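Notes for the structure review
Here are the chains, one letter per residue:
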Amino acid sequence: MRINLICIGKTDDKEISRLIQYYQNRLPKHWNFEVTEIPDVKNAKNLSPELLKKEEGKLFLMLTENSDHVVLLDEKGKQFTSREFAAKIDNWMNSSLKKISFFIGGAYGFSEEIYQRANEKMSLSKMTFTHQMIRLFFVEQIYRADQILQGKPYHND
Ligand SMILES: C[S@@+](CC[C@H](N)C(=O)[O-])C[C@H]1O[C@@H](n2cnc3c(N)ncnc32)[C@H](O)[C@@H]1O
């Protein structure tokens, strides 16, 4: 199974990029985890929020196959503990799913088309984070899930 985290625009803060890389490098290869940064929509500043979300949505969908299980990272989604998330990933890994695509929205979130396409919505907190910071928080949770599944002492509860 592959796991793809798809985000809008480059991670423009070097410190966030460095930490994402840090956790990614510690993840075993069999996770097949990759981060895809979609280029920012051209002329984004001249588009209304609705149009911008639509354009970003088209780019998300271009990277998604029909068989992908799409999970939106969305502050209004369902919340999990780190152990529940690790168990969820373990179930997916033992299923026939070929790819899980996690989407992080842009500055205004997701278009209606993307909500329609999504299989589920997952929240990391009820609070809203920037689309840059949430990348790092998510990648750390992926690393934490691996440590939990390996029974390592990184996660202590
Ligand atoms: C700045 S937020 C979008 C803001 C918001 N949806 C709005 O109404 O304007 C950018 C993206 O970061 C992600 N995000 C931010 N906070 C999150 C949270 N607590 N849990 C999961 N994803 C979050 C989501 O993918 C969101 O679309």
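Residues numbered from 1 in each chain as written. Predicted model: local features only at pLDDT ≥ 70, side-chain atom pairs only at ≥ 80, totals over all residues. Heavy atoms only, no water.

If you look the chain up in an unreviewed UniProt entry, it shows as Ribosomal RNA large subunit methyltransferase H from Chryseobacterium suipulveris. According to its UniProt record, the chain has this under Catalytic activity (unreviewed entry): "pseudouridine(1915) in 23S rRNA + S-adenosyl-L-methionine = N(3)-methylpseudouridine(1915) in 23S rRNA + S-adenosyl-L-homocysteine + H(+)". (UniProt positions renumbered as here; feature names shortened; annotations may be inferred.)

Right, let's get into the packing of aromatic side chains. Tallying each qualifying case throughout the model produces 11 aromatic pairs. Ring plane angle 10 degrees and centroid distance 4.2 Å describe the contact between Phe 60 and Phe 103, whose orientation is recorded as stacked. Placement of the pair is Phe 60 in helix α2 (residues 49-62) and Phe 103 in strand β4 (residues 99-104), with a sequence separation of 43 residues. Each member of the pair, Phe 60 together with Phe 103, is buried. Seen from their ring centres, Phe 102 and Phe 138 are 4.6 Å apart, and the 50 degrees between their planes marks the pair as tilted. Of the two residues, Phe 102 is situated in strand β4 and Phe 138 in helix α5 (residues 133-149); the sequence distance between them amounts to 36 residues. (Phe/Tyr/Trp six-rings, centres within 6.5 Å; stacked < 30°, edge-to-face > 60°. Helix = DSSP H or I, 4+ residues; strand = E, 2+ residues; numbered from the N terminus. Buried < 20%, exposed > 50% of the residue type's maximum accessible area, 1.4 Å probe, protein only.)

This part covers the pairing of β4. β4 sits mainly inside the fold: 6 of its 6 residues count as buried. With 5 bridges connecting them, strand β1 (residues 2-8) and β4 associate as parallel partners. Residue pairing in the sheet places Ile 3 in a bridge with Ile 100 of β4. Examined bridge by bridge, strand β3 (residues 69-79) and β4 share 5 bridges and lie parallel to one another. Across the sheet, His 69 pairs through a bridge with Ile 100, a residue of β4. Following the backbone out of β3, through helix α3 (residues 82-93) and into the adjacent parallel β4, one traces a crossover that is right-handed. (Pairing = 2+ DSSP bridges. Right-handed = clockwise from strand over helix to strand, strands pointing away.)

Turning our attention to the environment of Phe 103. In this structure Phe 103 comes out as buried when scored by relative accessible area, which is 0%. Residues Phe 103 and Ser 17 lie 86 residues apart in sequence; the distance between their C-alpha atoms is 17 Å. Excluding residues within four positions of it along the chain, Phe 103 makes contact with Ile 6, Phe 60, Thr 64, Val 70, Val 71, Leu 72, Leu 73, Phe 110 and Ile 114. (Contact = heavy atoms within 4.5 Å.)

Here we come to the UniProt feature "binding site: S-adenosyl-L-methionine" (unreviewed entry) in the chain. When the UniProt feature table is mapped to this numbering, "binding site: S-adenosyl-L-methionine" (unreviewed entry) covers Leu 73, Gly 105, Leu 124, Ser 125, Lys 126, Met 127, Thr 128 and Phe 129. Among the residues just listed, Leu 73, Gly 105, Leu 124, Ser 125, Met 127, Thr 128 and Phe 129 line the largest pocket. By the secondary structure assignment, Gly 105 is in the loop between β4 and α4 (112-117). In contact with Gly 105, not counting residues within four places along its chain, are Ile 8, Phe 60, Phe 110 and His 131. Its location among the elements puts Leu 124 in the loop between β5 (120-123) and α5. Excluding residues that lie within four positions of it along the chain, Leu 124 makes contacts with Ile 134, Phe 137 and Phe 138. (1 Å grid on protein atoms, 1.4 Å probe; cavity = no way out; pocket = protein on both sides within 12 Å on 5 of 7 lines; lining within 4 Å.)

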